[in-house]
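# Secondary and tertiary structure notes
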Amino acid sequence: MPMSDRSGIFAGDDPFAIARSWLTEAEASEPNDPNAIALATVDETGLPNSRMVLLKEIEDDAFVFYTNYESAKARELDHAGKAAFVMHWKSLRRQIRVRGAVTREDGAKADEYYRSRSLKSRLGAWASKQSQPLDSRGTLMAEVAKVTAMKGPNPDRPPFWGGYRLVPVEIEFWADGAFRLHDRFRWRRDDANGAWRINRLNP
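Now for a quick tour of the structure. If you're wondering where the values come from, they're calculated on a predicted model, not measured in any experiment.

### What about the overall build of the protein chain?
A tally of helices and strands in the protein chain yields five helices and eight strands. In sequence order, the protein chain lays out its α and β elements as α-β-β-β-α-β-β-α-α-α-β-β-β. Principal-axis analysis of the C-alpha atoms places the extent of the protein chain at approximately 60 × 35 × 30 Å. In the protein chain, which comprises 203 residues, the proportion classed as buried is 40%. Averaging the positions of the 31 positive and the 29 negative side-chain charges in the protein chain gives two centres separated by 3 Å.

Structure below.
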C-alpha cells in the first residue's frame, strides 16, 4: 500500500499516538465521556457480552481501564485473557476498533489512579458488589454510609478493584466517507512484540 494513501488523520508510524490524537480531538467535540469504549468479552460458554466502560490511559503499547475484579466483566476477562473494544465518536464520525490480550494492572499504577478519583467514587468502589443482585438502592446507599464511616477520608484501594491492560494485536482506524465509502486502515501484528502490518480495507 503506498504510504501517500495513508495521510491526514491516518498518518503516522505509531498507532497509539494516532489513537491519542483522535481522542484529544474528541475531547473538544463530544458532549460527554469521549473516552467511553464498548468493551466486548465472552463468558465460559463462549457467549458474547458487552458494556460501556471508560478508557483511562493510552500507553505506549496498551490501553488501560479499571473495574471491580469480582464483576462479570472481570471474570470473563480473566477466563479468556482476550478482549475487544470499539471507541466511537459521533461528533467526529470516526471509530477505533481494538483486539488483543488482557492482563491485570493491580500495582502502583492502579493505586495512583484510585487516589486520583473523587472521594465518593473511591468509597463507592468499596460499597458496590458489582454485578451482584441488589434488593434496593437504599441498601446500596446504606452500604456507602457504612463504608464512609469505616474508611474515612483517605481509603486505600480495595483489593478487589483495579485495572486491566489490553495489549493489541489489531487496531483499526475508521472514518466516515461520503456515500458510505468509508476509510479504514487496519494495523495488525502477530504478537505484542511483532512488527505492525498496515492495510487499507474496503468499506
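### Concerning the pattern of salt bridges
Proximity of charged atoms lets side chains of opposite charge pair with each other. The tally for this structure, following the rule as stated, stands at 16 salt bridges. Note that Asp-176 and Arg-93 form a salt bridge whose closest N and O atoms lie 3.0 Å from each other. Placement of Asp-176 in the loop between strand E6 (161-175) and strand E7 (183-188) and of Arg-93 in the loop between strand E4 (82-89) and strand E5 (94-105) is noted, with a sequence separation of 83 residues between them. Using a relative accessible area of 31% as the deciding quantity, one classes Asp-176 as partly exposed. Taking the shortest distance from any N to any O, the salt bridge between Arg-200 and Asp-183 comes out at 2.8 Å. Separated by 17 residues along the polypeptide, Arg-200 in strand E8 (residues 197-201) and Asp-183 in strand E7 bring together distant segments of the chain. Asp-183 gets classed as partly exposed once you look at its relative accessible area, which sits at 26%. Where salt bridges share partners, they join Glu-57, Glu-59, Glu-105, Lys-109 and Arg-165 into one cluster.

### What to know about the nonpolar core
Counting 32 residues, the largest nonpolar core has Phe-63, Phe-85, Trp-89, Ile-96, Ile-171 and Phe-173 as the members making the most contacts within it. When residues of this core are assigned to their parent elements, the largest contribution, six residues, is made by helix H1 (residues 15-29). For Ile-96, the contacting residues outside a window of four places in its chain are Ala-19, Trp-22, Phe-85, Val-86, Met-87, Trp-89, Ile-171, Glu-172 and Phe-173. Grouped together as the second largest cluster of nonpolar side chains are twelve residues, Tyr-66, Trp-126, Val-147 and Trp-161 included.

Conventions used here
- Residues numbered from 1 in each chain as written.
- Predicted model: local features only at pLDDT ≥ 70, side-chain atom pairs only at ≥ 80, totals over all residues.
- Heavy atoms only, no water.
- Helix = DSSP H or I, 4+ residues; strand = E, 2+ residues; numbered from the N terminus.
- Buried < 20%, exposed > 50% of the residue type's maximum accessible area, 1.4 Å probe, protein only.
- Lys, Arg positive; Asp, Glu negative; His and termini not counted.
- Charge placed at Lys NZ, Arg CZ, Asp CG, Glu CD.
- Salt bridge = Lys/Arg side-chain N within 4 Å of Asp/Glu carboxyl O.
- Core = buried A, V, L, I, M, F, W, Y, C linked by side-chain atoms within 4.5 Å.
- Contact = heavy atoms within 4.5 Å.

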